[in-house]
Amino acid sequence: MENHHEEPYVNKEKFILVNHPSTSAEEYGWTHEYVKELVETDEADIPFLDDGELNNLGIIYSEGVDVAVNMSLAIKYFTMAIEGDNDLARSNLADIYRKGTNGVPVNLKKAFEIYSECHLPYAYYRVGEAYQYGRGVEQDLEKAKCNYGIAYKHGHPLARRKLTTFNFFTDK
C-alpha cells in the first residue's frame, strides 16, 4: 500500500529567478567569455556538455543572452539537460510552455507534466497553482494544498505569499 504521508523529495539546488532579465550575461552571474564559449561549442561536442551547461545554453537562447533568441535551440538544450535529470532545466522548459515565451504557444498541460517531474520548491508551487485553477490538469484543491504546503515548507516566497489568501493548511 502506498504511504501518503511520506515526505516528498525536494531538490534544494540554488534556483535563480530573474524577474526582469536584461539579457546580459552578468544578470545570470556569467561572463561574456563563458557565454561565447558555450555558444561556440562544436556540435559534435554538445553531447559531452554536462546538464548544467546544457541548461545554461537553453537560458542563453531563450533569453537572448549575447545571442539572438532561438526558441528551437532553447527547447533542444533544456530537453537534453532534462535527460541528465536537471531540475532547473525542467523548471525553465515548463515556464516556457506555461507563459508561451517568445512565440512558443502556451501549453498548460505540457507545462504541468514537466513541473510534476521537477522537485524544486518553485515547481511544487506551480503544480499547486495548476491544481488550484485547473491549468493543464483537472482542478483539485486538496492536491493544490499539498503542493503549496511542500513549497511553503521549503521556503518558496510565492507559497508564503499565497498563504495570506489561500490557507492551504486549514481551508476545507
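Scroll up to find the structure this text is about.
Residues numbered from 1 in each chain as written. Predicted model: local features only at pLDDT ≥ 70, side-chain atom pairs only at ≥ 80, totals over all residues. Heavy atoms only, no water.

J.: Would you mind going over the environment of Glu 27 with me for this structure?
T.: With respect to the helices and strands, the residue Glu 27 is situated in the segment before α1 (32-39). Given a relative accessible area of 36%, Glu 27 falls into the partly exposed group. Distance from Glu 27 to Val 65, taken between C-alpha atoms, is 9.3 Å for residues 38 residues apart in sequence. (Helix = DSSP H or I, 4+ residues; strand = E, 2+ residues; numbered from the N terminus. Buried < 20%, exposed > 50% of the residue type's maximum accessible area, 1.4 Å probe, protein only.)

J.: What should I look at first to understand the side chain of Glu 129 in this one?
T.: Among the secondary structure elements, Glu 129 is positioned in helix α6 (residues 121-133). Ignoring anything within four residues of it in the chain, the contact list for Glu 129 reads Arg 98, Arg 135 and Tyr 148. (Contact = heavy atoms within 4.5 Å.)

J.: I keep staring at the packing of helix α2 (residues 51-63) against helix α3 (residues 71-83) and nothing clicks. Help me out?
T.: Helix-helix packing: each pair is described by the crossing angle between the helix axes and the interaxial distance. For the pair α2 and α3, interaxial distance at closest approach is 7 Å and the crossing angle is 160°. In terms of orientation, α2 and α3 fall into the roughly antiparallel class. The handedness of the crossing between α2 and α3 comes out as left-handed. Contacts between α2 and α3 pair Asp 51, Leu 54, Asn 55, Leu 57, Gly 58, Ile 59, Tyr 61 and Ser 62 from the former with Met 71, Leu 73, Ala 74, Tyr 77, Phe 78, Met 80 and Ala 81 from the latter. When the residues that make up the contact of α2 with α3 are grouped by side-chain class, the tally is 11 nonpolar, 3 polar and 1 charged. (Axes fitted to C-alpha atoms, helices over the stretch in contact; angles between N-to-C directions. Parallel < 35°, antiparallel > 145°, perpendicular 65-115°, else oblique. Left-handed = near helix turned anticlockwise from the far one by under 90°. Nonpolar A, V, L, I, M, F, W, Y, C, P; charged D, E, K, R; others polar.)

J.: In this structure, what is going on with the pattern of salt bridges? I would like to understand it.
T.: Close approach of charged atoms allows side chains with opposite charge to pair. Using the criterion set out here, one finds 9 salt bridges in the structure. In this structure, Arg 90 engages Asp 85 in a salt bridge whose closest nitrogen and oxygen atoms are separated by 2.8 Å. Here Arg 90 falls in the buried class, since its relative accessible area comes to 10%. Between Glu 129 and Arg 126 there is a salt bridge whose closest N-O contact spans 2.7 Å. With Glu 129 and Arg 126 both in helix α6 and 3 residues apart, the pair spans about one turn of that helix. A relative accessible area of 11% means that Glu 129 is categorised as buried. Connected through shared salt-bridge partners, Asp 85, Asp 87 and Arg 90 make up one network. (Salt bridge = Lys/Arg side-chain N within 4 Å of Asp/Glu carboxyl O.)

J.: What exactly am I supposed to notice about the packing of aromatic side chains here?
T.: Two descriptors summarise a pair of aromatic rings, namely the distance from one centre to the other and the angle between the planes of the rings. Inspection of every chain in the model, using the stated rule, returns 6 aromatic pairs. Here the aromatic rings of Tyr 125 and Tyr 148 are separated by 5.3 Å at their centres, their planes lie at 45°, and the arrangement is tilted. Taken together, the residues Tyr 125 in helix α6 and Tyr 148 in helix α7 (residues 141-153) connect sequence positions 23 residues apart. The class for Tyr 125 is buried, based on a relative accessible area of 6%. A relative accessible area of 0% means that Tyr 148 is categorised as buried. Every member of this aromatic cluster is reached through a ring pair, and the members are Tyr 28, Trp 30 and Tyr 34. (Phe/Tyr/Trp six-rings, centres within 6.5 Å; stacked < 30°, edge-to-face > 60°.)

J.: Got a minute to help me understand the nonpolar core in this structure?
T.: As a rule of thumb, soluble globular proteins bury nonpolar side chains together. In this structure, Trp 30 and Leu 57 are the most contacted members of the largest nonpolar core, which totals 48 residues. Contributing elements (two or more residues each) for this core: α1, α2, α3, α4 (87-99), α5 (108-117), α6, α7 and α8 (157-163). Here this core takes 7 residues from α6, the largest share from any one element. Dropping the residues within four chain positions of it, Leu 57 is found in contact with Leu 38, Val 39, Ile 46, Leu 49 and Tyr 77. (Core = buried A, V, L, I, M, F, W, Y, C linked by side-chain atoms within 4.5 Å.)

J.: Would you explain the packing of α2 against α4 in this entry?
T.: One way to put it is that α2 packs onto α4 with a least axis distance of 9 Å and a crossing angle of 25°. Relative to α4, the element α2 lies roughly parallel. Here α2 and α4 pass one another in a crossing that is left-handed. Residues Asn 55, Ile 59 and Ser 62 of α2 pack against Leu 88, Ala 89, Asn 92 and Ile 96 of α4.

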